[in-house]
Amino acid sequence: MTDLLQLVVDGLIDGGAYALIGLGLSLTFGSLRRLNLAYGATAMLAAYLGAWLYATQQAPAWLVAVTVIVAATLIGWYVERLCFACTTQDATQARGAPVAGADGREVVALASSFAIWMQLEQLAVNLLPRHLNAFPSLAVSQDWQLGELMVRPDRMGLAVMAAALTLGLAAWLERSRIGLSWRASADHRIAAHLVGMPVERLQTVGFAAACALSGLAAFSILSLDGQVTPMFGMWALLKGLVAAMLGGLGSVRGVLWGGLLLGLVESLAQASFGAQGREFASYALLFVVLVAPWRRSRERFLATAVPG
Amino acid sequence: MNDAMVQHLIGLSSDMAIMSLLALSAYLLLLVGRVSFGQQAFFGLGAYASGILSAMFHAPLLLALGFGMMFGALCSWLLAMPTMTLSGLHYAVATLAFGEMARIVLSGWQWQVSSPDGPVGPAGIEGFRDIRWLLEHDITPAHFLGLTLAILALVLVVLMRTERTRLGVALRMTGQDDTLAATQGIDVSQVRLFAAAVAGALAALGGGLYAHRTTYIEPALFDPMLGVHAVGYALLGGLGTALGPLVGVMFDLGLLDATHLFSGWRMVVFGGLLALFLRWRPRGLLDEQLVHWLSQTLKWKVRA
């Protein structure tokens, strides 16, 4: 019983990290209705810049954190200008299904953001060619004892931060004026434009902010490992995508539940079937959620729910 | 030209032809308006299926390739049954998940039979060694290249002939506007299922050829990068004609990879160029308009 409880707690704590990674992806999708495939690579290149600063200039951890976040924002801006700015100009459809069909522009946004993924990843690898690169470590090795459970305080802190950030952001998007205009321009571009909202700028800023979140997520997760590898880009994209997809892509609170569910399933699968079982379980979960028969009703629900 | 260079060219051409088959399978799905990030799975499944038949059961090459194709078509059709009704983005993610699931299953799968040279068969993450049909039957790389090119030419002829038929029109109509196509009496979901099955067969055919060319396959080869490259080639070359994906493959493998232009910076250049290019030509180089213009011009020339 304690073992099972321990697994659940570990899974939920891991889930916090997944939610943090998925948050930016879901935000981008919520406003643009486009999937940013370069998301993981953006976080990875930013993390590599931080690692480079750490390795060559012995920069302190806070400076690395600032660098990673600022770099992710700038790279995100570049990605948005190149891949997404033009693709939304004729996205004139009113609020319809949360995901439009694969119209030509959607395909192009997928493909060109993929191309940029390749580009960013290669840049990162050219910057630091080694497989393992040191990253400032904030890990705490001492475990907390809670009754019979063992909890890593640093991971716990990350999960709490992810939960607070997600819920706070969702509340802010619902209550604040900026949140309102962001939701309005995501909801119906033309109508938002007609009532005088700077739709283009809102989307660019929103995109860059989502990428800043990816930088924050990258720093928090990597600083617990104390290292960064070229696999990080792919990892971040896939885990973030699964978490965001499980929670309903575009929904901010949903990411938190999606991340927690993913962490839980992975932790249980790892205990039962080992490392390969863990990987398999996360994809199987995603697949089942996508094709499940209750999707129809969920999609109808999402179509009427406001993003946020 | 010395001998090593000729061998290198033969190998490169075979690779390009095999990759073209995979790109064509991505192209077929793009034609009906779906992006698949899971075509590498059918490439891998076809490679395993045909490798098993020829290396473990000593079947002739063409039979093994045919079996791989059927297997790929079947798997792709089964995957398309529940997923084709999803919207474009969800379909893309579902195929990605399927591709990864297939790769993980292959890396846990052990099935070996004994042979005079030791056990043969898929050995989980170690991969599948000794698919030596070509060596055992004294088929040189040049002959194999001939076979591969013949298969590719056959596929291209069939695809380009189909363009002119009702089926070809139905494929394009489905891709451009499925609601409109449905009102014209086209069974959109059947068209998409058919396209998915053929795409799976093409990818598996490419995989079968690949397995026999390299004699060794492992699950890690069939990662999402492979499938996404196939989509990239099809989009770069253009969706106007079946020759488009070939142009994409030639540009990347033939020009950038083979000449070591930009060496370590190849993906930086290629990625940036592709993104910029798609900004202005969202349906690739050989898009429908250009293909139409070309065919009109050529007709006029012939008449004059």
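Values in this document were obtained by computation on a predicted structure and should not be read as measured data.

On to the overall build of chain A. Scanning chain A for helices and strands turns up 11 helices and four strands. Here chain A, with 308 residues, has 51% of them falling under the buried criterion. Put simply, 79% of the contacts in chain A that link residues at least 6 apart link residues at least 24 apart.

Taken residue by residue, the interface counts 35 residues in chain A and 38 residues in chain B. Among the elements of the structure, α3 (61–84), α4 (104–127), α9 (232–246) and α10 (252–291) of chain A are those that each provide at least two residues to the side of chain A that touches chain B. A total of 16 residues in the side of chain A that touches chain B trace back to one element, the largest contributor, which is α4 of chain A. A class-by-class count of the residues in the side of chain A that touches chain B yields 25 nonpolar, seven polar and three charged.

Residues and elements named next belong to chain A. Within the element layout of this structure, L138 appears in the loop between β1 (133–134) and β2 (144–146). Residues L138 and L222, spaced 84 residues apart in sequence, show a C-alpha to C-alpha distance of 9.1 Å. Contact partners of L138, with chain neighbours within four places excluded, come to A61, D154, S223 and L224.

Right, let's get into the nonpolar core. Counting 194 residues, the largest nonpolar core has A47, V68 and A218 of chain A as the members making the most contacts within it. Ignoring any residue separated from it by four or fewer positions in sequence, one finds A218 of chain A in contact with A43, A46, A47, V68, A72 and A236 of chain A.

Residues and elements named next belong to chain B. Between its first and last C-alpha atoms helix α2 (residues 39–56) spans 25 Å; for 18 residues at 1.5 Å apiece the expected length is 26 Å, and the two agree. Here α2 lies mainly inside the structure; 17 of its 18 residues are buried. Directly after α2, the chain includes H58, whose backbone phi takes a positive value near 55 degrees.

Residues and elements named next belong to chain B. With their axes 8 Å apart at the nearest point, helix α1 (residues 3–31) and helix α10 (residues 224–237) run at an angle of 70 degrees to one another. Considered as vectors, α1 and α10 are oriented roughly perpendicular to each other. The crossing of α1 and α10 is right-handed. Contacts between α1 and α10 involve L22, A23, S25, A26, Y27 and L30 from the former and A230, V231, Y233, A234 and L235 from the latter. Here the residues of the contact of α1 with α10 sort into 10 nonpolar, one polar and no charged.

Further remarks concern the environment of M173 of chain B. All names here are of chain B. Here M173 shows up in helix α7 (residues 166–176). In this structure, the C-alpha to C-alpha distance between M173 and I186, residues 13 residues apart in sequence, is 8.7 Å. With sequence-adjacent residues up to four places away left out, M173 is seen in contact with A181, Q184 and I186.

Further remarks concern the confidence of the model for chain A. Residues and elements named next belong to chain A. Here chain A averages 83 in pLDDT, while 88% of its residues score no lower than 70. Helix α2 (residues 39–57) holds the highest mean pLDDT among the elements of chain A, 93, whereas helix α11 (residues 295–304) holds the lowest, 50. In the predicted structure, residues 88–102 sits below a pLDDT of 50 and forms 34 contacts with residues beyond four places in sequence or in another chain. Low pLDDT (under 50) marks residues 303–308, which in the prediction has 14 contacts with non-local residues, meaning those over four places away or in another chain.

Rules behind the numbers
- Counting restarts for each chain, with residues numbered from 1 along the sequence as it is written.
- Working convention: letters from A go to chains and numbers from 1 go to ligands, in the order in which they are written.
- With the structure being a predicted model, the display of local features is reserved for residues of pLDDT at least 70 and the display and counting of side-chain atom pairs for 80 or more, all residues being used for whole-chain, interface and lining totals.
- A run of DSSP states H or I qualifies as a helix once it reaches four residues; a run of E qualifies as a strand once it reaches two. Both are numbered from the N-terminal end.
- To sort residues by burial, count the other C-beta atoms lying within 10 Å of each one's C-beta; a count of 20 or more means buried, 12 or fewer means exposed, and anything in between means partly exposed. C-beta atoms are built from the backbone.
- Our contact criterion uses C-beta atoms placed from the backbone: two residues qualify when those atoms are within 7 Å.
- Under the scheme applied here, ten amino acids are nonpolar (Ala, Val, Leu, Ile, Met, Phe, Trp, Tyr, Cys and Pro), four are charged (Asp, Glu, Lys and Arg), and all others, including Gly, are polar.
- A set of buried residues drawn from Ala, Val, Leu, Ile, Met, Phe, Trp, Tyr and Cys, joined through C-beta atoms within 7 Å, is what defines a nonpolar core.
- In a helix, the anticipated span is given by 1.5 Å times the number of residues less one.
- Here, axes are lines fitted to C-alpha atoms. For helices the fit covers the stretch in contact, and angles between N-to-C directions go from 0 to 180 degrees.
- To sort the angles, those under 35 degrees are grouped as roughly parallel, those over 145 as roughly antiparallel, those from 65 to 115 as roughly perpendicular, and the leftovers as oblique.
- Each crossing is labelled by how the near helix is turned from the far one, with a counterclockwise turn of less than a right angle marking it left-handed and a clockwise turn marking it right-handed.
- One confidence number per residue, pLDDT, is output by the predictor and ranges from 0 to 100.

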